[in-house]
Amino acid sequence: MYTNPAKPIIIELTEYENKLFQRDEIPDSVGVELDDKYKTQVDIEFPNHKTRQHWKLKAKGWVGYIPVTPELHLKINPKVPIQNLFGMLEYAYNLKGFRFLEGLMDCESLENFYNNLAHILADRVLLEFRLGNKKRLSNAELKRNRLQR
């Protein structure tokens, strides 16, 4: 297996779906690393007679990017289209203002999704911080006015 640390091999999985790989696609050391460090995120079955000497990987409901080694990374995609995740987040966390104009944001990849989500969440945190500071200032002004009377 050719490895170039400057350009790692990226293995793509979709959550909750089994995926088979040829024995030579994943070094044994990477299999051990996955099993030792990421067993919560990925089920791994080493090549054996049941898997017909293939590696069998299955993401366990985690989505993201795992740099297992400098040479090999795992990219775990969600089982639903990325655009649907925003609606699910809105529903799950009762986010009333979590709306986007059509065409304003285009997420076709997991990386774009994370970048856009980070930007949106940072904006929301800053907004909440500003609103919280205004409330604190208002309360401080009220207390100061009461003391001056």
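This text goes with the structure placed above it.
Residues numbered from 1 in each chain as written. Predicted model: local features only at pLDDT ≥ 70, side-chain atom pairs only at ≥ 80, totals over all residues. Heavy atoms only, no water.

A. Structural view of unusual backbone geometry. Its identity is not glycine, yet R52 carries a phi of approximately 55 degrees, on the positive side. As for its placement among the helices and strands, R52 is situated in the loop between β3 (42-45) and β4 (54-59). Phi angles above zero are rare outside glycine, and Q53 is one such case at about 65 degrees. Here Q53 shows up in the loop between β3 and β4. You can call Q53 partly exposed: its relative accessible area is 37%. (Helix = DSSP H or I, 4+ residues; strand = E, 2+ residues; numbered from the N terminus. Buried < 20%, exposed > 50% of the residue type's maximum accessible area, 1.4 Å probe, protein only.)

B. Structural view of the nonpolar core. Ranked by internal contacts, the top residues of the largest apolar core, which has 17 residues, are I11, L13, F21, I26, L34, L57 and L74. Counting only elements with at least two residues in this core, the list comes to β1 (9-14), α1 (28-37), β3, β4 and β6 (72-77). F21 has contacts with I11, E12, L13, I26, H54, W55 and L57, leaving out every residue within four places of it along the chain. (Core = buried A, V, L, I, M, F, W, Y, C linked by side-chain atoms within 4.5 Å. Contact = heavy atoms within 4.5 Å.)

C. Region of the structure containing the environment of T69. Relative to the assigned elements, T69 resides in the loop between β5 (64-66) and β6. As for T69 and E33, which are separated by 36 residues in sequence, their C-alpha atoms are 8.3 Å apart. One polar contact links the side chain of T69 to the main-chain amide nitrogen of L72, over a distance of 3.0 Å. (Polar contact = N/O pair within 3.5 Å; in protein donor to acceptor, adjacent residues only side chain to side chain.)

D. Region of the structure containing the side chain of E15. Looking at where E15 falls in the secondary structure, it is placed in the loop between β1 and β2 (18-22). Only 3.0 Å separates the side chain of E15 from the backbone nitrogen of K79, close enough to count as a polar contact. For E15, the residues in contact, after removing those within four places along its chain, are A59, G61, W62, V63, I76, N77, P78 and K79.

E. Focus on the sheet that holds β5. Strand order in the open sheet made by the three strands is β1-β6-β5, with mixed pairing throughout. Strands with a single pairing partner mark the edges of an open sheet, and in this sheet they are β1 and β5. Between one strand axis and the next, the sheet turns through 20 degrees on average, direction left out of account. Two elements, β1 and β6, share six bridges in a ladder whose sense is parallel. Bridging from a neighbouring strand, I9 pairs with L72 of β6. (Pairing = 2+ DSSP bridges. Axes fitted to C-alpha atoms, helices over the stretch in contact; angles between N-to-C directions.)

F. Spotlight on α1. Those residues of α1 that sit buried are V30, G31 and L34. Projection of α1 onto a plane perpendicular to its axis shows the buried side chains occupying an angular sector of 105 degrees, all on one side. In α1, the exposed residues that point more than 90 degrees away from the buried face are S29, D36 and K37. On the buried face of α1, the contacting elements are β3, β4 and β6. (Arc of directions from axis to C-beta.)

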